[in-house]
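Structural overview
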Amino acid sequence: MEQEVLLTCKSITKDFGATRALDSVDFSVVKGKVCGLVGENGSGKSTLASIIAGIYQSSSGTMAYMGKEWTPKNSLEAQNNGIGIILQEAGTIPLLSVAQNIFIGQEKLFQKNLIINKKAMNKAANDVLQDIGAKNIRAEMMARMLNMQELKVVEIAKAYNCDPRIFIVDETTNVLSHDGREILFRLIHKLAGEGKSVLIISHDIEELIEHCDMITVLKDGKMVTTLEKHEFDAKKIKNLMVGREIKGDYYRSDMDPYSDEVLLEADNITTLGELTNLSMQLHKGEILGIGGLSDCGMHTLGKVLYGEERLAGGKVTLTQKNVTVTKAEAAVKNGMAYISKDRDRESLALDAPIFQNIAISGLDVNQIVNFFVSGKKEKQYVNEQVEGLKMRCRSEYQIVRTLSGGNKQKVAFGKWFAKGSDIFIMDCPTRGIDIGVKQEMYRLIYNMKKEGKSIILISEELPELIGMSDRILIMKNGSISKEFMRSGDLSESEVIEYMI
Amino acid sequence: MKNKIKISELLDNRYFSYFLPILLLFALTLFFGVTTGGSFLRLQNLQMILNQAVLVGIVATGAVLIYSSGNMNIAMGGSTAITCIVAVHVYLATESMLLMFLASILVGIAFMGMFCVLSEVFKLSVVVITVLFMTMLISLQEWIVGGKTLKVGYDAVRNLQEMNVPIIILVIYFAICFVVFEFTKLGRTLKFIGENKNCARQTGIKESAAVTIAFLLSGLGVGLGAFSIIVRASSVGGTTAGGLNMEVVLAIVLAGTPMTGGNKSKIFSGIVGAVMVTMMNNGLLLLGVNSIYIQAIRGVFFIIMVMLSGKRPEVLPVKDMV
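Residues numbered from 1 in each chain as written. Chains lettered and ligands numbered in written order. Predicted model: local features only at pLDDT ≥ 70, side-chain atom pairs only at ≥ 80, totals over all residues.

1. Some details on the overall build of chain B
From N to C terminus, chain B includes 14 helices and 2 strands. For a compact globule of 322 residues, the expected C-alpha radius of gyration is about 20 Å, and chain B comes in at 20 Å, within 12% of that figure. Dimensions along the principal axes, computed over C-alpha positions, put chain B at roughly 60 × 55 × 35 Å. By residue count, 47% of the 322 residues in chain B fall in the buried class. Long-range contacts, defined as pairs at least 24 residues apart, comprise 79% of the intrachain contacts of chain B with a sequence gap of at least 6. (Helix = DSSP H or I, 4+ residues; strand = E, 2+ residues; numbered from the N terminus. Rg over C-alpha atoms; globule rule 2.2 N^0.38 Å. Buried ≥ 20, exposed ≤ 12 C-beta atoms within 10 Å, placed from the backbone. Contact = placed C-beta atoms within 7 Å.)

2. Notes on helix H9 (residues 298-305) of chain A
All names here are of chain A. Burial of H9 is extensive: 8 of the 8 residues sit out of reach of the surface. Here H9 has its buried residues at Met-298, His-299, Thr-300, Leu-301, Gly-302, Lys-303, Val-304 and Leu-305. Trailing H9 by a residue or two, Gly-307 shows a phi angle of about 80 degrees, which is positive.

3. Let's talk about helix H5 (residues 97-121) of chain B
In an α-helix, one turn spans 3.6 residues; hence positions three or four apart end up facing the same way. Relative to the 36 Å expected for 25 residues at 1.5 Å per residue, H5 of chain B spans 36 Å between its end C-alpha atoms, a close match to the ideal helical length. Along H5 of chain B, the residues that are buried comprise Met-100, Phe-101, Ala-103, Ser-104, Val-107, Gly-108, Ile-109, Phe-111, Met-112, Phe-115, Cys-116 and Ser-119 of chain B. (Expected span 1.5 Å × (residues − 1).)

4. Concerning the packing of helix H12 (residues 244-254) of chain B against helix H13 (residues 269-286) of chain B
Residues and elements named next belong to chain B. Packing of H12 against H13 leaves a shortest axis separation of 7 Å and a crossing angle of 110 degrees. Overall, the two elements H12 and H13 adopt an arrangement that is roughly perpendicular. Here H12 contributes Glu-247, Leu-250, Ala-251, Ile-252 and Leu-254 to the contact with H13, which in turn contributes Ser-269, Gly-270, Gly-273, Ala-274, Met-276 and Val-277. Of the residues that constitute the contact of H12 with H13, the class distribution is 7 nonpolar, 3 polar and 1 charged. (Axes fitted to C-alpha atoms, helices over the stretch in contact; angles between N-to-C directions. Parallel < 35°, antiparallel > 145°, perpendicular 65-115°, else oblique. Nonpolar A, V, L, I, M, F, W, Y, C, P; charged D, E, K, R; others polar.)

5. Observations regarding the sheet that holds strand S14 (residues 278-283) of chain A
Residue and element names in this part refer to chain A. If you walk across this open sheet you meet the 4 strands as S14-S13-S16-S17, and the pairing is antiparallel. Whereas interior strands pair on both sides, the edge strands pair on one side only; in this sheet they are S14 and strand S17 (323-324). Judged from the 5 bridges that link them, strand S13 (residues 262-270) and S14 form a sheet pairing that is antiparallel. Paired with Leu-264 across the strands is Leu-282, a residue of S14. (Pairing = 2+ DSSP bridges.)

6. Here's the deal with the confidence of the model for chain A
Averaged over every residue, the pLDDT of chain A is 89; the share at 70 or more is 97%. Mean pLDDT across the elements of chain A ranges from a minimum in helix H17 (residues 492-496) of chain A, with 82, to a maximum in strand S22 (residues 454-458) of chain A, with 97. (pLDDT = per-residue confidence, 0-100.)

7. Some details on the domain arrangement of chain A
All names here are of chain A. Segmenting chain A into domains produces domain 1 (5-242) and domain 2 (262-496). Inter-centroid distance (C-alpha atoms) of domain 1 to domain 2 is 30 Å. Taken residue by residue, the interface counts 13 residues in domain 1 and 16 residues in domain 2. Taken together, the elements giving at least two residues each to the side of domain 1 that touches domain 2 come down to helix H5 (148-161) and helix H8 (234-242). Broken down by element, the residue count for the side of domain 1 that touches domain 2 peaks at 3 residues, all from H8. Among the residues forming the side of domain 1 that touches domain 2, the class breakdown is 3 nonpolar, 7 polar and 3 charged. (Domains from an automatic or database assignment.)

8. Quick notes on the packing of helix H13 (residues 375-388) of chain A against helix H14 (residues 405-419) of chain A
Residue and element names in this part refer to chain A. Their axes nearest at 9 Å, the elements H13 and H14 cross at an angle of 125 degrees. On the basis of the axis angle, H13 is oblique to H14. As for how H13 packs across H14, the hand of that crossing is right-handed. Residues Tyr-381, Glu-384 and Gln-385 of H13 touch H14, and the partners they reach there are Gly-414, Phe-417 and Ala-418. (Left-handed = near helix turned anticlockwise from the far one by under 90°.)

9. Remarks on unusual backbone geometry
All names here are of chain A. At Ser-11, a residue that is not glycine, the phi angle is positive and equals roughly 50 degrees. With 13 C-beta atoms packed within 10 Å, Ser-11 lands in the partly exposed category. Positive phi is not limited to glycine here, since Ser-24 has a value of about 45 degrees. As for its position among the elements, Ser-24 is in strand S2 (residues 19-30).

10. Remarks on the sheet that holds strand S21 (residues 423-427) of chain A
Residues and elements named next belong to chain A. With mixed pairing, the 6 strands of this open sheet are ordered in space as S18-S21-S22-S15-S23-S24. Single-partner strands in this sheet number two, and they are strand S18 (336-339) and strand S24 (479-485). Sheet twist, expressed as the mean angle between neighbouring strand axes with direction ignored, is 15 degrees. Both strand S15 (residues 287-292) and strand S23 (residues 471-476) contribute to a ladder of 5 bridges, which runs parallel. Bridged to Gly-292 within S23 is Met-475. Against the sheet, H9 makes contact with S15, S21, S22 and S23, and its axis sits at roughly 150 degrees relative to S22, the strand it touches most. Along the sheet, helix H15 (residues 435-450) contacts S15, S21 and S22; its crossing angle with S22, the most-contacted strand, is approximately 145 degrees.

Structure representation (structure tokens):
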């Protein structure tokens, strides 16, 4: 049966200065199908989606949408013509309410004599939220009161409300909670069932295999191939993405022990929001995995251990140094490092160059004569990380915002590697990162363990926790529900039982 | 879109972005030189511009330290005015130029220190505190001086005027700030705080300490600026330093330091901007432009510079708003 094509891209090329992000890409969006778009970081997936959705304009090439030439000047024009996109970056405005965010650009629907009927807008927004199954979010709430996952659900509601013919989801699932993912995929299949098209960009191959009808692979800005459902095979897709066969162990394969020496201890910690009488220990040379559903409190635990969240009871102690951790300042001074799940907002200065982002952690060590910072020492300090971590950048002065997700994460890692921290708290360190960089990250984490460093690996990906951790603590409702030791026999289903 | 990307890439280039204000300064000089038929470039006129720019330059150089951290102080004018008044009173009581100088510095630093302490005590941002003080200090100036003029006397300051002391002060103060800003931990810390406060805190930076030192250093600038005003005018009145607030903000932004601070902040913004602002006033007046329109033109330039230096991401705004 012939498939009806809704949108076609022909020889789309996009240049950003000297960098060619897309190189003569031909691509089609088929009506009523869920299409996955995969590729390594920097392969051009998001750029292609952004061109279709009017955020960028192509340097050359043509597009046709529903039989007519398609040259959207901005995302609003695309939205008005039935192409909705949920962006990888935050796409909500914090100082507006949820309802205002959902109906942004459509305020006229509620306008009468220059006055916007807020009550009607809130009601309509609540209807949309209810429609998609977002129970915990109310239209009246200010966007800034919501966490990252809830904000993404608001974006989903916003895109859904536009009744899109083409619905684009750009690396959204990795920031969503379990409930959020359910909402999104329910919606995706509903839209596809109604004859609409969905384009999903994700690094989670298994997720794409489960939900997509076809998967298109991009590499270095070029189209590699499009696979139909019956051709789906995770290993094959990964090899096509990387352009070579992925060999060796993805995770670590050893059973190396760790020391008995306790470095960090949480004693009966309780927070006002999420944690209840939680106790745990981190040992020298240990990779301690912490898992659970997204709202189980594990992200808060990471912050508490680093002194970034206030405690209502209990304490966090660096046992060897006998220091109570109450502030990030004290944590850093005593060899701790933290990489936030919300990397762009908390772990990086996006508009600053790589240089400044890494050098900031070494102001004390790069000093000459107590007061002055040596530019030469600083350059060496930064370059060691840029080269050691194989960051893909024009130079160390490239602005971080312009890097791909994997390279941004390398900058966040590099800052702490350069400092030589001993205890690392990593909250979802491989979120939104392609498999090639992921493998590098896992190797790095393992090497850190071998060097005697201790790592707390907070993750929503069970295979990652099982594959990398010496010990796994599973959390549920703000407490630890189960502890697992490293074992080759440990299965995901065994662990999930203690999460839900 | 193509052009937009090119401009943003150019602005991201560290050398271009660093030296753009100086290029603009030269362009402005050339423009007024040509349009005024050379009268703008007369030595006497240039000297007048320099003399006027020095006072704004001193205060604005210190203010760059504060702005670079993403903070603002819009009570610079009021603080300078009250510092002038106290310093003149000290001189009138002691007839000692040295004590007047020391009083200027101490009062300037005390003002900025007070803003930081109040911000800590009341848990309000320093910006809010300075907004409150902006009008309070102007009222205080009115109340103390009223319609009178507090005179130091020309004889007392003649020597200092002949020695061009305000220019010497500017050079020394700029050198101190330049070294602090470009070569020390404090300078790098302030810029990083301006980029991302959350990230700075999580990297172990103590924001309050760095910002307090920046305020104290800018307090030194307020003191030195106040002393220079007295030397130049030999008196203090109810309108002394009246327009200084706006001139300082305009100077800093015109010379390329973003209102939001961060990596693109430049320590020479204070001086270069002060010269640019004074040049614009002077050049437009020479061209016969009405002073009301001059204000409007300055406003337009201000908006353009804020737009060029602003950190607007390609997607909807998220940064620093939560």
